[in-house]
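Architecture and fold: a report
Chain by chain, the residues:
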Amino acid sequence: MNLQQKPYALRLQVLDMVYRAKTGHIGGDFSVCDILNVLYNKVMDVTPENFSSVDHDHFILSKGHSVEALYAVLADRGFFPQEDLCTVSQFGSKYIGHPNNKVNGIEMNSGSLGHGLSVGVGMALAGKRQGKSYLVYVVLGDGELAEGSVWEGAMAAGHYKLDNLCAVVDRNRLQISGNTEEVMAQDSQDDRWAAFGWHTLHARGNDVVDLERAFQEAKDFRGKPTVILSDTVKGCGVSFMEGKAEWHHKVPTQEEYERAKQELLEKEAAAQ
């Protein structure tokens, strides 16, 4: 399966997880699938074999409510068996509704929004001081950027010139309570990050090729941390979910499940 097909296969797994569990943040899962696909299959040096060592690239899903997408990617990469996905959000399962570091491949419990970037700053600063070559990647939601702690982390990263740190904003412009520009306007993203000493890039966040280009530019840039402002579509891949705030946290009916599955299968086949 090629890199363009993979995000649709991941979305199919997410759809199954959410439908089976009767809970999950499917809209944000679908918007971030391409980003996670490119990170784990093209960009980061992290595998089940090197995960127990500190000398691998590190990843934090700060927007932890999109954990189903992360579970799908980790299972695909062999961090745990595919059949474990059947237990997501089931009683007694360690595969709960937010990232849990009891799961192989996950380094930080997240989901209390605004914390991930500061932890990533700590990892990157430790790497610098210890002479490590690893890189640190943090994926944030755009609604999450209303949290003040995000900007404390951004300020520290700029101060220490952490060019081994890359933040990715899943800019789908929707959060649980509506459009981000109505809830807490943030269209001055470039200026805000630059003011804290960051190198800013833009990418089409549901375009695998453009994401590869942006991640390579981030990796090559020196002297500052980099943020990739990734324009995405909430619910990407399923026509009746796309751009709808109601799909932030909603479970499809059986009819919606069947329709979504058919759309994703067709797009997966077309991406060959």
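Residues numbered from 1 in each chain as written. Predicted model: local features only at pLDDT ≥ 70, side-chain atom pairs only at ≥ 80, totals over all residues. Heavy atoms only, no water.

In plain terms, the rule: UniProt positions are given in the numbering used here, feature names are shortened, and annotations may be inferred rather than shown by experiment.
As annotated in an unreviewed UniProt entry, the protein chain carries the name Transketolase and comes from Candidatus Acutalibacter pullicola. As recorded by UniProt, the Cofactor (unreviewed entry) comment attached to the protein chain reads in full: "thiamine diphosphate". UniProt lists a comment for the protein chain under the heading Sequence similarities (unreviewed entry), and it reads "Belongs to the transketolase family."

1. Notes on the packing of aromatic side chains
Formally: Think of it this way: a Phe, Tyr or Trp ring, Trp meaning its six-membered ring, pairs with another when their centres are within 6.5 Å, and the plane angle makes it stacked under 30 degrees, edge-to-face over 60, tilted otherwise. Only Lys NZ and Arg CZ are tested; either one counts as a charge over a ring when it is within 6 Å of the ring centre and within 35 degrees of the ring normal.
Within the structure shown, the criterion is met by 10 aromatic pairs. Among the aromatic residues, those joined into a cluster by ring pairs are Trp 151, Trp 193, Phe 196 and Trp 198. One residue, Arg 11, lies across the ring of Tyr 8, its end atom 5.4 Å from the ring centre. The lysine or arginine in question, Lys 22, covers the ring of Tyr 19, its NZ or CZ lying 3.6 Å from the ring centre.

2. Focus on the sheet that holds strand β2 (residues 136–141)
What links the strands of a sheet is backbone hydrogen bonding, and the strands pair in either a parallel or an antiparallel sense. Test applied: Strands pair, by our definition, only if DSSP identifies at least two bridges between them. Helix and strand definitions here come from DSSP, where helices need a minimum of 4 consecutive H or I residues and strands a minimum of 2 consecutive E residues; each element is numbered from the N-terminal end. Fitting a line to C-alpha atoms yields each axis, with helices limited to the stretch in contact; the angle taken between N-to-C directions then spans 0 to 180 degrees.
As summarised here, the arrangement of the five strands in space is β1-β2-β3-β7-β6, forming an open sheet in which the pairing is parallel. Looking at which strands have only one partner, the edges of the open sheet turn out to be β1 (58–61) and β6 (199–204). Each neighbouring strand pair of the sheet contributes to a mean axis angle of 20 degrees, computed without reference to strand direction. Sheet analysis places β1 next to β2, joined by four bridges and oriented parallel. Along β2, the bridge assignment pairs His 58 with Val 136.

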